[in-house]
Amino acid sequence: MPRSAAASASPAASRFTTGLLLAAAGSVLFSAKAIVVKLAYRHGVDPETLIALRMLFAVPFFAAAWWWTSRGATPLTRDEHFRIIVIGLLGYYAASYLDFLGLQYITAALERLILYLNPTLVLLMSALFLGKRIVRLDWMALALSYGGILLVFLHDVRLEGDNVVLGATLVFLCAICYAGYLVLSGELVQEVGAIRLTSYAMVVATAAVLLQFVLLRPLENLLQPAPVLWLSAFNGLFCTVLPVFATMLAVARIGAGNTSITAMIGPVSTIVLGYIFLGEAITGWQLAGTALVLAGVFVLSRKGQASQSASAPD
């Protein structure tokens, strides 16, 4: 290989490796949120207070990012403001609150698996509302993913009882809300920019979370024991702010398809972290269900990569 070609290949390889590391780190940190929340619940804190503390620690960084990306940018139209407010309430307020509620009743591993149904939910919503056709490969991915969830769900119901049904339902509703956010933001992110949109939406969600807290809980509830405050700070910074920006940087370097494939480390890391920090058992049923869900996500992500390659210019 000529020296010039080798020199140009080296930065590209380094950029790809960095993208993979960012995607993996973002996925593991996102997945750790469930562990942190369940650890905080052991101190008797309620979901409304816990999510308020998380957002209070995270919002200064998103507000700064929103201000920075808005400098010199084209002003948002009234319609864009309205759409971002809607997706902020849907994807970062409603989805997060439902997730926090559900985590009171189910294991961190089952929660993460249900959330990994997002690609299949986006597929179904796109078919229902945008008229996109579901092909045979899509049906295969759906069967694998939902079969895996059913396997773990039935196993947990047999061990834990009806609370698992309630918790799984709440987290599934969370996944639906977040999938709706992804569908609605698909075109808008191209117009506004990923960081600007996400930061604005997160500020909107924080306002909703704090309004909910003021209406439902006394202000003194924010004065929690030190372990809850430290866990909330970790949740806000390391499980919210850092993974959001790490994932964005990963997509910029290696593309959405490679990022989604790398992110499949998330459910596996949750199983391991749940075992280490929460004492959650690792069972064969759980591993089999996880393998099926990840196989479904892999099928969809590879299909997406193939379609991107086919449509990309030479």
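Residues numbered from 1 in each chain as written. Predicted model: local features only at pLDDT ≥ 70, side-chain atom pairs only at ≥ 80, totals over all residues. Heavy atoms only, no water.

Caption draft 1: Looking closely at the overall build of the protein. Of the regular secondary structure elements, the protein holds 11 helices and 0 strands. Ordering the α and β elements of the protein from the N terminus gives α-α-α-α-α-α-α-α-α-α-α. A compact globule built from 314 residues would reach a C-alpha radius of gyration of about 20 Å, and the protein, at 20 Å, matches this within 12%. A principal-axis box enclosing the C-alpha atoms of the protein has dimensions of 65 × 50 × 45 Å. Each of the 314 residues in the protein was classed as buried or not, and the buried ones make up 47%. By sequence separation, contacts in the protein at least 24 residues apart represent 89% of the contacts at least 6 residues apart. (Helix = DSSP H or I, 4+ residues; strand = E, 2+ residues; numbered from the N terminus. Rg over C-alpha atoms; globule rule 2.2 N^0.38 Å. Buried < 20%, exposed > 50% of the residue type's maximum accessible area, 1.4 Å probe, protein only. Contact = heavy atoms within 4.5 Å.)

Caption draft 2: Main features of the environment of Thr169. Residue position: Thr169 is located in helix H7 (residues 162-192). Taking the C-alpha atoms as reference points, Thr169 and Leu154, separated by 15 residues in sequence, lie 13 Å from one another.

Caption draft 3: The nonpolar core, seen in detail. Core analysis: the biggest nonpolar cluster contains 71 residues, and Tyr41, Leu50, Ile84, Ile114 and Leu197 have the highest contact counts within it. Among residues more than four places away in sequence, those in contact with Leu50 are Val37, Ala40, Tyr41, Val45, Phe100, Val228 and Ser232. Formed by 5 residues, the second largest nonpolar core is a distinct cluster that contains Leu123, Ala141, Leu142 and Val299. (Core = buried A, V, L, I, M, F, W, Y, C linked by side-chain atoms within 4.5 Å.)

Caption draft 4: Broad picture of the confidence of the model for the protein. Averaged over every residue, the pLDDT of the protein is 87; residues scoring 70 or more account for 92%. Ranking the helices and strands of the protein by mean pLDDT puts helix H2 (residues 47-70) first, with 96, and helix H11 (residues 284-311) last, with 71. Long-range and interchain partners of residues 306-314, a stretch whose pLDDT sits below 50, account for 0 contacts in this model, where long-range means more than four residues apart. (pLDDT = per-residue confidence, 0-100.)

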